[in-house]
Amino acid sequence: GFYVNATQAPYANNFQMYDYITEDLVGLLKDEFSVEKLSLMGHSMGGHGALMMGLRRPELFLSVSAFSPLVNPSACPWGKKALAGYLGDDSDKWASYDTCSLLKNGHKREGTLLVDQGLADEFLEEQLLSENLQRSCDEAGQALELRYQEGHDHSYYFIASFLNDHVAFHLKAINKG
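Conventions and cut-offs
- Residues numbered from 1 in each chain as written.
- Predicted model: local features only at pLDDT ≥ 70, side-chain atom pairs only at ≥ 80, totals over all residues.
- Heavy atoms only, no water.
- 1 Å grid on protein atoms, 1.4 Å probe; cavity = no way out; pocket = protein on both sides within 12 Å on 5 of 7 lines; lining within 4 Å.
- Points joined across faces, edges and corners; volume = space filled by probe spheres on them.
- Nonpolar A, V, L, I, M, F, W, Y, C, P; charged D, E, K, R; others polar.
- Helix = DSSP H or I, 4+ residues; strand = E, 2+ residues; numbered from the N terminus.
- Expected span 1.5 Å × (residues − 1).
- Buried < 20%, exposed > 50% of the residue type's maximum accessible area, 1.4 Å probe, protein only.
- Contact = heavy atoms within 4.5 Å.
- Core = buried A, V, L, I, M, F, W, Y, C linked by side-chain atoms within 4.5 Å.
- Pairing = 2+ DSSP bridges.
- Right-handed = clockwise from strand over helix to strand, strands pointing away.

Overview of the layout of surface pockets
The computed volume of the largest pocket comes to approximately 370 Å³. Taken together, 13 residues line the largest pocket, and the ones lying closest to its centre are Leu62, Glu110, Gly111, Ala173 and Lys176. Taken together, the residues of the lining of the largest pocket sort by class into 5 nonpolar, 4 polar and 4 charged. Roughly 180 Å³ of internal volume is contained in the second largest pocket.

A look at helix H2 (residues 45-56)
The first and last C-alpha atoms of H2 sit 16 Å apart over 12 residues, in line with the 16 Å expected at 1.5 Å per residue. Here H2 lies mainly inside the structure; 10 of its 12 residues are buried. On its buried face, H2 sits against helix H1 (17-33), strand E1 (40-43), strand E2 (64-67), helix H5 (99-104), strand E3 (113-118) and helix H7 (130-140).

Here we look at the nonpolar core
For soluble globular proteins, the rule of thumb is that nonpolar side chains tend to be buried together. Grouped together as the largest cluster of nonpolar side chains are 39 residues, with contacts concentrated most on Val4, Leu51, Phe61, Tyr86 and Leu133. Those elements giving two or more residues to this core turn out to be H1, H2, E2, helix H3 (77-87), H5, E3, H7 and strand E4 (144-149). Here this core gets 5 residues from one element, more than from any other, and that element is H2. Residue contacts for Phe61: discarding those within four places in its chain leaves Val26, Leu38, Ser39, Leu40, Met53, Gly54 and Arg109.

Concerning the pairing of E2
Neither face of E2 is open: one carries Val64 and Ala66, the other Ser65 and Phe67, and all of them are buried. Direction of pairing for E1 relative to E2: parallel, over a ladder of 4 bridges. If you follow Leu40 over to E2, its bridge partner there is Val64. Where the polypeptide runs from E1 across H2 and back to E2, its parallel neighbour, the crossover connection is right-handed. The sheet contact formed by E2 and E3 spans 4 bridges and is parallel. The residue bridging Ala66 from the neighbouring strand is Val115, located in E3.

So yeah, pure geometry; function would need other evidence.
Structure below.
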């Protein structure tokens, strides 16, 4: 779903995924479960969502991490197709849902973004564009720990291999915050 608030038919009426996560789900966690401290983590498209939402709403999430995230959807085939379908052809609308564009437009957060990327990931070069994230963070002054993992692909085994690191990263932020 690319975690956007769709503006194009047939998605516009019911596909408001950005608001669903940042308002509805966060509200439910806070109101019904008394959760006060939140962190965000995702894989692939979910990694895109985590990074993008973490930059757009840094006050909501104490820490953000991702596995194999799609970081620059405005610049890759998957992203272009999805963003055009959900938001139309106006690429300016796409920028508010693109991590690299957000960084270029001044969105930052305190602390470090943690990203793990497998070097054997079949989507790395054409779709995920991790080097664009590194460049955008460097230019924006956003702290980033981008860890390339030799021999790992896009699979859940990859996530399982480094999940404890991400949990520890988030626990550190939650205990500090």
